[in-house]
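Residue-level structural notes
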Amino acid sequence: MINQFNIPTTIRFGCGAIKELPAYLRNNGLKRPLLVTDPTIATLPFFKEIVDDLLARGIDVEVFADTHKNPVKSDVYKGTDVWDQTARDSIVGVGGGAALDIARAIALRVNHREDLFKYDDLIGGDVYVTNEVPPFITVPTTAGTGSEVGRSAIIADDETHQKKILFSPKLMASIVFADPLLTMGLPPHITAATGMDALTHNMEAFLAKNPNPICDGIALEGIHLIAKSLEKAVLDPDEGVRSNMLVASMMGAIAFQKGLGVVHSLAHPLSSLLDTHHGLANAVNIPYGMAFNIAGNEEKFRRIARTLELEEESGEAVVHYLFDLNARIGIPKKLSDIGVKSEHIETLADLAVADFAHPNNPKPVSREDFKQLYEEAL
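A short tour of the structure in this document, coming up. (Residues numbered from 1 in each chain as written. Predicted model: local features only at pLDDT ≥ 70, side-chain atom pairs only at ≥ 80, totals over all residues. Heavy atoms only, no water.)

With that settled, consider the packing of aromatic side chains. Two numbers describe a pair of aromatic rings. These are the distance of the centres and the angle of the planes. Under the definition given, this model contains three aromatic pairs. An angle of 35° between the planes, with centres 5.7 Å apart, marks the rings of F5 and F13 as tilted. Residue F5 is classed as partly exposed on the basis of its relative accessible area of 32%. Centroid distance Y288 to F323: 5.3 Å. Interplanar angle 85°. Geometry classified as edge-to-face. (Phe/Tyr/Trp six-rings, centres within 6.5 Å; stacked < 30°, edge-to-face > 60°. Buried < 20%, exposed > 50% of the residue type's maximum accessible area, 1.4 Å probe, protein only.)

Rendered as structure tokens:
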């Protein structure tokens, strides 16, 4: 059964939803889409089936998959060149957060040709997003970032590794085809990392200092769905838990319009400096970041503990739960297990304190705090 949600993005949700993509394109007069994905997804059977279904309906498909694991500016420029050279009329992003961020950034660049980082939201660049963007459709294949319902793309500078946010309401997808069946083939370690990414989004959004009770309610339900679904999705997946995780992932992305926090600022430098998978970086760091946030936020942690149905309703119990969940789904406990070395910490701390996420953390985070958190997690 396919359900439709409007939040306000139209989401076609359910097993088999992807089969609606060809008709949607044709009904909207779109016959030359650029499919943006990553090098791995481009080789998988389900992606070939998507392409074959489009071709069978007379739709001329061009695939762009020459991308990095963590998106960089040059990926966006290469994708825009393909758009120009092949005369496309729409963009379909297929994949996880990285592919969808690149697809969204290409959609921005099509009609905004100044330096990409002029549009960085952190320096007020959103005011320059004045032109329309081409029709933009998203197809998530992981349950992690929820980028399919977002209105921003996070792209790193190739040289400095600093991440920039390209933001505008114009960058929201025209429609999302969210099909849990596309996530069924994810290997356990990717399911675990992306699932913990979704949990981080929901938890950090709930704790973020900006008041937004609507986002708080969404975040708590996202936490609830992940708590009852993630472990089974990793170890013994079925359509039910895959569906729950895909919904919870989108809920996290909706909720973090309120803001993120210290965990994301710990994680982003690992991705840009060491090319660590974003979800894995969040997964390893979340227990340490949540422990840092307990003091002064005890009531909010009690509500998280209640949502997780923990016997003890406290921040300490939440942190213990996170360490235990990570262990059950195969996430390493220490940063040293994922390639971080002591000589990286100073540079990581510099990047973390410059990151955009922690200003919305419920308590201030200094460079020294970041250094101590990295050392504790090492």
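Taken together, the seven strands give an open sheet; going across it, the order is β1-β2-β9-β6-β5-β3-β4, and neighbouring strands pair in mixed fashion. Strands with a single pairing partner mark the edges of an open sheet, and in this sheet they are β1 (3-6) and β4 (62-64). Put simply, the sheet's adjacent strands are angled 20° from each other on average, direction ignored. In the packing of helix α3 (residues 73-86) onto the sheet, contacts are made with β3 (33-36), β4 and β5 (90-95), and the angle to β4 comes to roughly 165°. Seen against the sheet, helix α4 (residues 97-110) touches β3, β4, β5 and β6 (136-140) and runs at an angle of roughly 165° to β5. (Pairing = 2+ DSSP bridges. Helix = DSSP H or I, 4+ residues; strand = E, 2+ residues; numbered from the N terminus. Axes fitted to C-alpha atoms, helices over the stretch in contact; angles between N-to-C directions. Contact = heavy atoms within 4.5 Å.)

Bringing helix α12 (residues 345-353) into the picture now. Since the α-helix advances by 3.6 residues per turn, residues separated by three or four positions end up pointing in the same direction. Within α12, the full set of buried residues consists of I345, L348, A349, L351 and A352. The arc that holds every buried residue of α12, seen down its axis, measures 165°, which confines them to one face. Lining the buried residues of α12 we find α8 (262-274) and α13 (367-377). (Arc of directions from axis to C-beta.)

When β1 meets strand β2 (residues 10-13), the two strands line up antiparallel, connected through four bridges. Directly across from N6, in β2, lies its bridge partner T10. Taking the residues between adjacent antiparallel strands as the criterion, β1 and β2 are bridged by three residues. Judged from the four bridges that link them, β2 and strand β9 (residues 175-178) form a sheet pairing that is parallel. In the strand pairing of β9, R12 is matched with F177.

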